[in-house]
Amino acid sequence: MRLTRPGTFLRWLDRHGLARLGISAAARRGDAQARLFFDPAIRDDPYPFYREVREAGALVRGRLMWSTTRHDAVVAVLRGEAFSSDLESLPAPGPIAVVRRLGRSGRPIGPADPPSMLVVDPPTHTRYRRLVAKVFTPRAIEGLRPRIERHTEALLDDLAPAPGGTGTVEIIERYASLLPLTVIAEILGVPQHMRQRFLAWGEAATPTLDLGLTLRQYHHAEDAIRQLNAWLRGHFARLRADPGDDLLSRLVHLDSEGERLTEEELLATAGLLLVAGFETTVNLLGTGIYLLIRHPDQLRALRERPDGWPNAVEEILRYDSPAQTTARYCRADTEVAGVPVRAGEIVVPMMGGANRDPAVFPDPDRFDITRANARDHLSFSSGVHYCLGAALARLEGQLGLSAFFERYPDAALAAVPRRRPTRVLRGYDHLPVRLRP
Ligand code: HEM
């Protein structure tokens, strides 16, 4: 590994290092919530832990933060005006404030750094969101359908088992990750020859959405973000001179009533679209393939009633969400479900837990593609930060999964799958599947 820049070290310390130290100290002192971040058994199956939290109260206080897995309380936090996504503006004691200030200089613009819309509050957030929503319209997303279908078919062709071969493929690498990558590359107008580099940058930068990275992981992510920034600056210049029919070209050319995104804001937005839309959707496809292989009766029902696919995708999102948790800090004293929360405290709404709340979803641990209210899940968050790409993710999920099982109805697991090491993002990074055409 190359030597870490002092700025990179300070940023890591502020964003991840101190959190790692604090959480591991709390875990050693028996803090139940800190286990979520370290205990491999909870990573593999967090649902019993979420149940414990829910049964302990609407909002449960640990040494470092509040947690909630109750559906109504998670919604209240995500929609509450007292709660901020801008964790960088959380008042910090003197030495941490100094580390934070020093770390800002020379920082590349990452998907989870301001001015990324994910981590800014209204009214700044409102402006970004309004501008980006002008090009990310339902019509534009629906317009991507034929291209997504084409890409899906081409990727499935490539999976065809060779005569005499075992027919075993690594479905995450060969399908689940390539489909979202190709779609985002289309949206951002990334030329064909750059797509592998783009995949590598996206994979390296995505862990910055997680908490508690090691210095090595953070260094690797920041390196990739720096290279992505440099390439994107040149890309914007090319699109300004010669726009394509992609959404990024339209974003670069936005200038209604003198309003457009600055170069920094464009960098943050393009980086965010890449990472927010990438691994989350990979996990939706990977988890969907796994769950449907494990529930052949439900797959059969979908074969008989293909109009059930949209609800099946909602149930996959509910049952094992690609985005399990997020974080907010409380800006002003408030109450959530009758529990007082003080300004400066951190609350972790656990959407993965809210999605199994029996008060909303009867028999919540049962995977049921006909569940009437599956769409009430919180996997796309709620409130002002509700996922901008939800419609696109749903479309990719429906087209990607239905086409896969239409082509390979007898797909079977070829080995025990492996979970990703991340905690916020949940899915498989290794899912070998045996295909029989
Ligand atoms: C299954 C796939 C996906 C899941 C589960 C997911 C989940 C989420 C969640 C939970 C948030 C909000 C986080 C918070 O409240 O702190 C979010 C925000 C966002 N997502 Fe997604 N996402 C998915 C796919 C996509 C796609 C395909 C795109 C675009 C290409 C996208 C773009 C965004 C953006 C731009 C935001 C920030 C919105 C804002 O802050 O106003 N996502 N996503």
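Calculation criteria
- Here the residue numbering is sequential within each chain, running from 1 through the sequence in written order.
- This being a predicted model, a pLDDT of at least 70 is required before a residue's local features are given, and a value of 80 or more before pairs of side-chain atoms are given or counted; all residues contribute to the totals for chains, interfaces and linings.
- Neither water nor hydrogens contribute to the side-chain values; these are computed over all heavy atoms in the structure.
- Ring pairs shown here join Phe, Tyr and Trp side chains whose ring centres sit within 6.5 Å, with only the six-membered ring taken for Trp; geometry is labelled stacked below 30 degrees between planes, edge-to-face above 60, and tilted in between.
- Over a ring means this: the NZ of a Lys or the CZ of an Arg is within 6 Å of the ring centre and within 35 degrees of the ring normal.
- Among buried residues, the Ala, Val, Leu, Ile, Met, Phe, Trp, Tyr and Cys ones that are joined through side-chain atoms within 4.5 Å form a nonpolar core.
- Using a 1.4 Å probe on the protein chains alone, a residue whose accessible area is under 20% of its type maximum counts as buried, one over 50% counts as exposed, and one in between counts as partly exposed.
- Helix and strand labels come from DSSP, where a helix needs a run of H or I of at least four residues and a strand needs a run of E of at least two; each type is numbered from the N terminus.
- When checking whether two residues touch, look at their non-hydrogen atoms; a contact exists if any pair is within 4.5 Å.
- We define proximity as follows: a residue is near a molecule or strand when any one of its heavy atoms falls within 4 Å of that partner.
- Pairs of N or O atoms within 3.5 Å make up the polar contacts considered here, provided that, within protein, one atom can donate a hydrogen while the other can accept it, and that residues adjacent in sequence are counted only when both atoms are side-chain atoms.
- Three residue categories are used. Nonpolar comprises Ala, Val, Leu, Ile, Met, Phe, Trp, Tyr, Cys and Pro, charged comprises Asp, Glu, Lys and Arg, and polar comprises the others, including Gly.
- Note on definitions: angles span 0 to 180 degrees between N-to-C directions of axes, and those axes are lines fitted to C-alpha atoms, for helices only across the stretch in contact.
- Crossing handedness is defined as follows: a turn of the near helix away from the far one that is anticlockwise and smaller than a right angle gives a left-handed crossing, while the clockwise case is right-handed.

S.K.: Please clarify how the packing of aromatic side chains should be interpreted in this entry.
M.R.: Each aromatic ring pair is characterised by the separation of its centres together with the angle its planes make. This structure, assessed with the given rule, holds 13 aromatic pairs. Ring geometry for Phe404 and Phe405: centres 5.0 Å apart, planes at 85°, overall edge-to-face. Of the aromatic side chains, those joined through ring pairs into one cluster are Tyr175, Trp309, Phe404, Phe405 and Tyr408. The side chain of Arg419 reaches across the aromatic face of Tyr428, ending 4.1 Å from its centre.

S.K.: Looking at this structure, how should I read the nonpolar core?
M.R.: Within soluble globular proteins, side chains that are nonpolar tend to cluster in buried spots. Ile171, Ile289 and Phe404 are the most contacted members of the largest nonpolar core, which totals 91 residues. It is helix 15 (residues 263-294) that contributes the most residues to this core, 17 residues altogether. Sequence-distant contacts of Ile171, defined by excluding residues within four places in its chain, comprise Leu159, Ala176, Ile289, Phe404, Leu431 and Val433. In terms of nonpolar packing, the next biggest core, distinct from the first, is built from 14 residues, Ile23, Leu36, Tyr47 and Met65 among them.

S.K.: What exactly am I supposed to notice about the site of the ligand here?
M.R.: Residues in close proximity to the ligand total 28 residues, the closest being His125, Arg129, Ser381, His385 and Cys387. At 2.7 Å, a side-chain N or O of Arg129 approaches an oxygen atom of the ligand. Here an oxygen atom of the ligand sits 2.7 Å away from a polar atom, N or O, in the side chain of Ser381. Only helix 7 (124-135), helix 15 and helix 19 (390-407) provide two or more residues apiece to the shell around the ligand. Broken down by element, the shell around the ligand gets its largest block of residues, 7 residues, from helix 15. Taken together, the residues that form the shell around the ligand break down as 17 nonpolar, 9 polar and 2 charged.

S.K.: Looking at this structure, I do not really get the packing of helix 9 (residues 145-159) against helix 19. What am I missing?
M.R.: Helix-helix packing is characterised by the crossing angle of the two axes and by the distance between the axes. Between helix 9 and helix 19, the least distance of the axes is 10 Å, while the angle of their chain directions is 35°. Helix 9 and helix 19 meet at a crossing whose hand is right-handed. Judged by residue contacts, Arg145, Ile148, Glu149, Thr152, Glu153, Leu156, Asp157 and Leu159 of helix 9 engage Leu392, Leu395, Glu396, Leu399, Gly400, Ala403, Phe404 and Arg407 from helix 19. For the contact of helix 9 with helix 19, the class distribution of residues is 8 nonpolar, 2 polar and 6 charged.

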